[in-house]
There are 2 protein chains.
Amino acid sequence: MIKVNFKSHNKEIYCNKGDNLLEIARNSNIFIDAPCNGSVSCGKCKVKLLKGNVDSEKTLHIKDDEWEQGYILACNTTVIEDIEIEVPSKLSSSMHGMKIEGSDKKKDKQIFDRAKNIIETHNLDFKTNIVKTYIEIEEPTLDDNLSDVDRLERHVRNNLGFNEIDFKLELLRKMPVILRENDFKVTITYVKKKNKITILNIESGNSEDKLYGVAIDIGTTSVVVCLVDLYTKEVIDKASSGNAQIKYGADVIHRIIYSTKKDGLTKLNQAVIDDTINPLLESLYVRNDINKDNVVTLVVAGNTTMSSLFLGVYTDYLRQEPFIPPFLKSPKIMGQDIGLNVNDSAYVYLAPSVASYVGGDITAGVLSAGIWASEENILFIDLGTNGEIVFGNKDYMMSCACSAGPAFEGGGISCGMRASNGAIEKVSIDKANLNPNLTIIGECEPIGICGSGIIDLICQMLLTGIIDRRGKIYRDLDNKRIRFNEHDIGEYVLAFKEDYNLENDITVNEVDIDNFIRTKGAIYSGASTLIESLGMDFSVIDKVYIAGGIGNNLNIENSILIGLLPDIEREKFAYIGNSSLVGSYLALISKDAKKKLQQIGNEMTYVELSVYPTYMDEFISACFLPHTNIEQFPTVKKLLED
Amino acid sequence: MIKVNFKSHNKEIYCNKGDNLLEIARNSNIFIDAPCNGSVSCGKCKVKLLKGNVDSEKTLHIKDDEWEQGYILACNTTVIEDIEIEVPSKLSSSMHGMKIEGSDKKKDKQIFDRAKNIIETHNLDFKTNIVKTYIEIEEPTLDDNLSDVDRLERHVRNNLGFNEIDFKLELLRKMPVILRENDFKVTITYVKKKNKITILNIESGNSEDKLYGVAIDIGTTSVVVCLVDLYTKEVIDKASSGNAQIKYGADVIHRIIYSTKKDGLTKLNQAVIDDTINPLLESLYVRNDINKDNVVTLVVAGNTTMSSLFLGVYTDYLRQEPFIPPFLKSPKIMGQDIGLNVNDSAYVYLAPSVASYVGGDITAGVLSAGIWASEENILFIDLGTNGEIVFGNKDYMMSCACSAGPAFEGGGISCGMRASNGAIEKVSIDKANLNPNLTIIGECEPIGICGSGIIDLICQMLLTGIIDRRGKIYRDLDNKRIRFNEHDIGEYVLAFKEDYNLENDITVNEVDIDNFIRTKGAIYSGASTLIESLGMDFSVIDKVYIAGGIGNNLNIENSILIGLLPDIEREKFAYIGNSSLVGSYLALISKDAKKKLQQIGNEMTYVELSVYPTYMDEFISACFLPHTNIEQFPTVKKLLED
């Protein structure tokens with residue numbers, strides 16, 4: 001046995017000679033960022049060897065002085081003797097941190113009120129099919145010695161008018177004691193089904209007013225859980241954190257690959273359920289003094305991979321031609337089937353997927369965006385870890401997926417992070433001295449940069465002449481913020497560590513910019529190909545809705561200037577936030593909305609871009625700032641000419 | 001920490017000073033017989049202290065020389081320092097042993113053939129509602145990229161004519177891989193429900209002929225599991241063992257009391273599922289090369305307490321006035337709900353109970369005995385750990401329960417054991433020298449005596465003048481087989497240890513006989529009270545069916561002579577074996593029989609003997625050999641007068 005001492009975490013782990021250092025950390029729940037899932041391509045799993053020797057190779061990601069200081073990549077390191085390791089913590093834990101964040105209640109209220117507006121506008125019901133009723137059952141005697149179950153059934157038959165009751169074993173297990181705790185005066189929670197009811201919960205005494213549902217958005221990067229009062233239909237509270245699966249890879253492809261390894265599927269499933277959603281639920285229960293047994297219905301939205309991993313279903317065929325998902329529509333699932341921290345009998349409904357790479361997050365998003373009822377042509381763009389695009393109106397809806405990568409959520413960018421406290425969300429650059437002006441979420445010290453910040457930054461670097469239209473830094477600039485490493489890769493310093501209390505400078509380099517350009521190119525070319533496939537062009541668009549975790553401060557103008565969004569009238573654009581979560585919320589509080597959601601899943605058409613003949617050319621043309629064909633961006637053309 | 005070294009088991013257990021020795025053994029899975037569940041009343045938990053000191057008191061159950069040798073009762077012993085303990089093993093492990101026993105296939109065939117006869121006689125169907133079909137699904141392509149679930153559903157719709165499919169999550173989890181293992185050629189197992197099917201299993205390739213069900217009889221003392229081919233309806237194999245719950249008490253009352261202790265309910269549930277039924281199932285699978293996923297339906301019969309503990313449902317109200325069971329009819333249960341070693345989606349049906357002390361073993365027994373269709377008046381007596389009695393015909397059925405105790409299965413008798421190998425099952429005594437002639441199951445060395453043997457023995461002791469009609473041994477007999485201890489309790493030696501290779505003599509003493517007389521008195525008085533409650537007497541009986549674990553060699557004549565059974569025409573009696581198991585088998589292979597079973601549960605009337613005014617007097621009169629009023633036993637009267 002070999003001992004690995006993770007100094008930074010105060011943890012000593014015993015393992016075997018020849019074990020991989022990244023796997024050792026994962027198995028011991030020590031988070032090391034590894035977006036490329038250990039394929040020695042991203043360089044993010046850099047750790048510092050403090051003591052002992054390892055079997056490791058220097059890669060391009062490690063600078064000479066770093067190598068001398070003991071920096072190694074965990075993913076290509078094999079342990080051969082007792083060692084001490086330090087994991088750099090600040091950025092990685094903020095980037096993917098499991099810190100649970102609460103909600104901005106005022107902002108949330110606006111979003112959810114706007115959603116409720118959809119229900120009112122389209123005359124949908126405001127109902128769930130779950131009822132709670134206080135009943136007083138006759139107590140048993142020697143002469144009236146019906147069993148507990150038969151007694152309850154008799155009461156339901158005589159007083160509520162249903163013939164039969166049904167329930168899960170767990171309920172039967174607690175029934176005898178609960179009935180007697182309050183002299184057979186209890187509150188039952190049930191779902192009606194014709195002549196029959198399924199009882200989800202029995203509680204002692206009268207608790208008719210305590211009935212809750214949960215809407216969950218499972219993003220590849222972030223997870224948001226939203227607690228809803230099923231009586232008032234109000235959002236009581238919201239909590240979010242990183243998706244703990246991220247230690248197994250930043251994007252769905254790397255996670256799918258990990259899921260095929262030994263116990264990989266189980267680990268990914270546990271990461272999202274046990275390590276992400278359940279702690280979020282628990283935090284909501286504690287904050288709002290709620291009993292989990294009163295949470296009886298859930299709507300969950302995630303992309304097709306997230307939905308599969310949420311249920312622990314084998315996902316590998318999603319990434320193998322012909323790209324077949326295991327399921328699209330929600331199977332019948334109860335809380336206990338997947339170990340969710342809610343009522344065992346709670347109904348868990350998954351927003352339907354459309355294809356392998358257009359999932360429930362998109363159908364839920366489309367529900368909340370109201371495309372299904374719109375006379376106008378709407379372009380819906382979800383800027384998440386993947387990029388998905390929907391175009392249509394009440395008559396048809398077309399969708400496609402772009403392999404955008406996680407750049408909009410800070411992934412694949414050396415100092416990237418989620419749009420949470422410490423993230424640089426807005427950037428402007430002074431043309432004279434090239435100094436940046438930063439806006440930071442939470443108004444604290446900067447930790448990294450989130451999607452909206454990167455868009456601003458690249459746009460500003462282009463406009464101030466730091467980079468050219470390929471995204472390369474001009475070699476002739478003489479500025480302390482611009483520097484080149486030994487491999488001649490240029491970088492721009494957003495924040496010097498001396499100016500703040502940082503471990504390292506916050507920088508964006510040419511590799512980051514290149515990654516981001518490919519990401520924005522994928523989105524733009526996806527949208528134009530999708531519309532082109534209908535024989536139309538961007539001029540037919542009436543509205544563009546931007547959704548996703550990119551952050552509230554997305555600058556539309558800048559997004560157009562870098563060629564992420566089409567150069568059309570600015571008033572057509574709107575950022576609609578986490579539309580997947582809002583759609584889940586709608587389906588939670590309205591039976592009609594849930595039906596509508598199912599219908600969207602059934603009716604949406606999927607266009608497979610990878611087999612679409614002109615897509616590749618279009619993508620390559622779009623990997624430019626703003627585009628190889630600048631005529632498509634008249635505004636930018638004019639600006640650059642000025 | 002204190003160390004208890006169980007020498008006999010080669011186990012060292014660490015515990016705290018002040019812990020109870022019986023509990024220490026139980027928690028460490030060391031079996032110490034304790035039918036009275038540690039209430040210092042039965043004396044069965046005798047163990048030998050080899051080293052160290054304990055805090056323990058001498059009781060009546062420990063002879064002076066035993067006390068000197070270090071014998072103590074585990075239940076009234078507190079550990080105070082490191083000790084070494086020996087647990088006497090032979091009798092107790094045979095009595096309650098978890099040794100899995102196979103079946104006598106020829107004898108079984110007769111029993112189950114007789115059962116099938118019931119189905120034929122009454123024109124019931126020979127059907128289960130579970131179907132297995134081999135299907136060849138079209139393989140997916142880029143153009144036909146339906147999800148796995150939708151693809152299967154489409155195939156079912158187009159080829160089998162059902163609109164919708166339903167399944168448990170576990171099935172979805174394995175579906176993607178199984179579909180591809182054999183190029184989308186699979187066998188599905190399903191249950192039809194109108195337009196819909198619930199899929200229980202998917203297997204690669206064609207396995208249409210592999211479809212099995214299981215019938216289980218959960219006795220308080222013994223458990224029998226019976227594997228059935230659902231195509232041929234034949235019993236393939238059978239296995240039985242003791243009920244591992246027995247370490248928590250020999251009868252239902254002691255188990256219920258134990259269930260109210262911390263973790264008690266869980267322990268009792270695990271004892272019957274994990275430690276009894278699952279190993280029995282596993283042994284059947286191994287012996288017959290069967291995959292558990294092909295076991296898709298079960299019928300389980302047990303008394304009301306056993307049914308509750310099988311499901312892990314709180315049972316304490318069963319023994320508190322007004323004696324309310326948690327449930328009577330079977331809740332909807334699947335294999336995975338209770339951790340059974342069968343297909344996760346297997347339907348588990350429990351034979352319905354009638355009252356707290358007339359359970360599913362009796363309704364199943366009545367089903368197999370055919371009372372529900374009989375023109376004749378049938379008296380049905382189940383001689384199990386409890387004694388239950390049913391009287392009736394096709395027009396009505398009355399039932400009652402007697403607190404018989406476990407004597408018929410060897411419990412409460414110092415050398416008693418189950419009717420398994422080594423049990424003395426027949427006894428005759430030579431009037432001249434009072435030497436016994438023993439018949440032993442398995443034709444091996446005797447270990448103890450089972451129910452049928454005790455009946456023979458007591459009858460022979462009465463007829464040969466060893467005991468009087470109160471069951472007391474005549475003090476004036478001079479025979480080496482008759483001896484009295486220091487408390488003047490007499491005993492008769494059935495087998496001297498020198499004659500066989502035994503640790504101790506096999507004896508029956510006056511306390512045993514007294515226990516047995518009370519047991520048989522409870523049965524007889526129960527039967528007579530039940531019939532009397534209808535204003536009838538034994539003369540109206542057309543048939544008497546004896547069921548239960550008392551053993552195949554029950555001697556009817558002797559049973560009448562000791563006053564267990566009424567003194568009516570001998571040809572009216574029949575021993576019908578484990579009728580509970582046979583009834584479960586019937587319900588497993590015939591939908592009509594299952595419906596009939598449910599109906600029996602609904603229609604049977606329960607008479608609560610404890611509140612019936614004349615029962616107590618009747619019971620006391622019956623605690624005599626054969627009865628205080630010998631006029632009720634003309635045959636015996638004549639014999640004793642001779």
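Source: prediction; values computed, not measured. (Residues numbered from 1 in each chain as written. Chains lettered and ligands numbered in written order. Predicted model: local features only at pLDDT ≥ 70, side-chain atom pairs only at ≥ 80, totals over all residues. Heavy atoms only, no water.)

Caption draft 1: The side chain of Glu153 of chain B, seen in detail. Tracing the backbone through its elements, the reader meets Glu153 of chain B in helix α5 (residues 148-160). What makes Glu153 of chain B buried here is its relative accessible area of 5%. (Helix = DSSP H or I, 4+ residues; strand = E, 2+ residues; numbered from the N terminus. Buried < 20%, exposed > 50% of the residue type's maximum accessible area, 1.4 Å probe, protein only.)

Caption draft 2: Geometry of helix α4 (residues 105-121) of chain B. Residues and elements named next belong to chain B. Between its first and last C-alpha atoms α4 spans 24 Å; for 17 residues at 1.5 Å apiece the expected length is 24 Å, and the two agree. Among the residues making up α4, those that are buried are Asp108, Ile111, Phe112, Ala115, Lys116, Ile118 and Ile119. Relative to the axis of α4, the buried residues are bounded by an arc of 135 degrees and lie together on one face. The outward face of α4, more than 90 degrees from its buried face, is lined by the exposed residues Lys106, Gln110, Glu120 and Thr121. Buried residues along α4 sit against β13 (222-229), β14 (235-242), α10 (360-369) and α14 (579-589). (Expected span 1.5 Å × (residues − 1). Arc of directions from axis to C-beta. Contact = heavy atoms within 4.5 Å.)

Caption draft 3: Focus on the packing of aromatic side chains. Residue and element names in this part refer to chain A. Summed over all chains, the structure comprises 14 aromatic pairs over all chains. Between the aromatic rings of Tyr615 and Phe619, the centroid separation amounts to 6.4 Å while the plane-to-plane angle is 25 degrees, which identifies the pairing as stacked. Highlighted residues: Tyr615 and Phe619, both in helix α16 (residues 615-622), separated by 4 residues, approximately one helical turn. Taken as a pair, Tyr615 and Phe619 share a single burial class, namely buried. (Phe/Tyr/Trp six-rings, centres within 6.5 Å; stacked < 30°, edge-to-face > 60°.)

Caption draft 4: How the structure looks around the domain arrangement of chain A. Residue and element names in this part refer to chain A. Per the domain assignment, the segments of chain A are domain 1 (2-88), domain 2 (105-125 + 212-350), domain 3 (130-204), domain 4 (371-406 + 516-636) and domain 5 (411-510). On a C-alpha basis, the centres of domain 2 and domain 4 stand 23 Å from each other. Counting residues at the interface gives 39 residues for domain 2 and 26 residues for domain 4. Both sides together, the interface formed by domain 2 and domain 4 hides about 2600 Å², and carbon and sulfur atoms give 67% of it. The largest per-residue losses of area from domain 2 upon contact with domain 4 belong to Asp125, Val299 and Tyr349, which jointly make up 21% of the total buried on that side. Where domain 2 touches domain 4, the interface holds 0 salt bridges. At the surface where domain 2 touches domain 4, the tally comes to 7 residue pairs in polar contact (both at pLDDT 80 or more). Listing elements by their share of the side of domain 2 that touches domain 4, those giving two or more residues are α4 (105-121), β12 (212-218), β13 (222-229), β14 (235-242) and β15 (295-302). The leading source of residues in the side of domain 2 that touches domain 4 is α4, at 8 residues. Residue composition of the side of domain 2 that touches domain 4, by class: 22 nonpolar, 7 polar and 10 charged. (Domains from an automatic or database assignment. Buried area = accessible area lost by both parts, 1.4 Å probe. Salt bridge = Lys/Arg side-chain N within 4 Å of Asp/Glu carboxyl O. Polar contact = N/O pair within 3.5 Å; in protein donor to acceptor, adjacent residues only side chain to side chain. Nonpolar A, V, L, I, M, F, W, Y, C, P; charged D, E, K, R; others polar.)

Caption draft 5: Just the pattern of salt bridges, in detail. Residue and element names in this part refer to chain B. In total, this model carries 60 salt bridges over all chains according to the counting rule given. Salt-bridge contacts for Glu84 lead to Lys51; the nearest nitrogen and oxygen are separated by 3.4 Å. Taken together, the residues span a long stretch of sequence, with Glu84 in strand β7 (residues 83-86) and Lys51 in strand β3 (residues 46-51) at a distance of 33 residues. Put simply, Glu631 and Lys637 hold a salt bridge, and the shortest N to O gap is 3.2 Å. Lys637 sits in the partly exposed class, given a relative accessible area of 28%.

Caption draft 6: Inspection of the interface of chain B and chain A at higher detail. Counting from both sides, the interface comprises 43 residues of chain B and, opposite them, 43 residues of chain A. Taken over both partners, the interface formed by chain B and chain A buries close to 3600 Å², and the fraction arising from carbon and sulfur atoms is 62%. Looking only at chain B, the three residues that lose the most surface to chain A are Leu142, Arg173 and Ile324 of chain B, adding up to 16% of its buried area. Where chain B touches chain A, the interface holds 4 salt bridges. Lys329 of chain A serves as the salt-bridge partner of Glu153 of chain B, at 2.5 Å between the closest nitrogen and oxygen. In this assembly, chain B and chain A are joined by 10 residue pairs in polar contact (both at pLDDT 80 or more). For the side of chain B that touches chain A, the secondary structure elements donating two or more residues are α5, β9 (164-167) and α6 (169-181) of chain B.

Caption draft 7: Just unusual backbone geometry, in detail. Residue Pro322 of chain B is bonded to the preceding Glu321 of chain B through a cis peptide linkage, with omega at 5 degrees. Topologically, Pro322 of chain B is positioned in the loop between α9 (304-311) and β16 (333-334). Along the chain, Leu625 of chain B connects to Pro626 of chain B via a cis peptide bond; the corresponding omega equals -10 degrees. You can see Pro626 of chain B is positioned in the loop between α16 (615-622) and α17 (634-641). Residue Phe184 of chain A is not a glycine yet carries a positive backbone phi of 65 degrees. Here Phe184 of chain A lies in the loop between α6 (169-181) and β10 (185-193). The class of Phe184 of chain A is buried, set by a relative accessible area of 3%.

Caption draft 8: Representation of the sheet that holds strand β21 (residues 423-429) of chain B in the model. Residues and elements named next belong to chain B. With mixed pairing, 3 strands are arranged side by side in an open sheet as β22-β21-β23. Each end of this open sheet is capped by a strand with a single partner; those strands are β22 (436-440) and β23 (448-449). Across 2 bridges, β21 lies against β23 in parallel orientation. Across the sheet, Ala423 pairs through a bridge with Gly448, a residue of β23. The strands touched by helix α11 (residues 451-463) are β21 and β23; relative to β21, the strand with the most contacts, the crossing angle is about 15 degrees. (Pairing = 2+ DSSP bridges. Axes fitted to C-alpha atoms, helices over the stretch in contact; angles between N-to-C directions.)

Caption draft 9: Quick look at the state of the cysteines. Summed over all chains, the structure comprises 0 disulfides over all chains. The structure places no disulfide on Cys75 of chain B, whose sulfur is separated from the nearest cysteine sulfur, that of Cys45 of chain B, by 3.7 Å. (Disulfide = S-S within 2.5 Å.)

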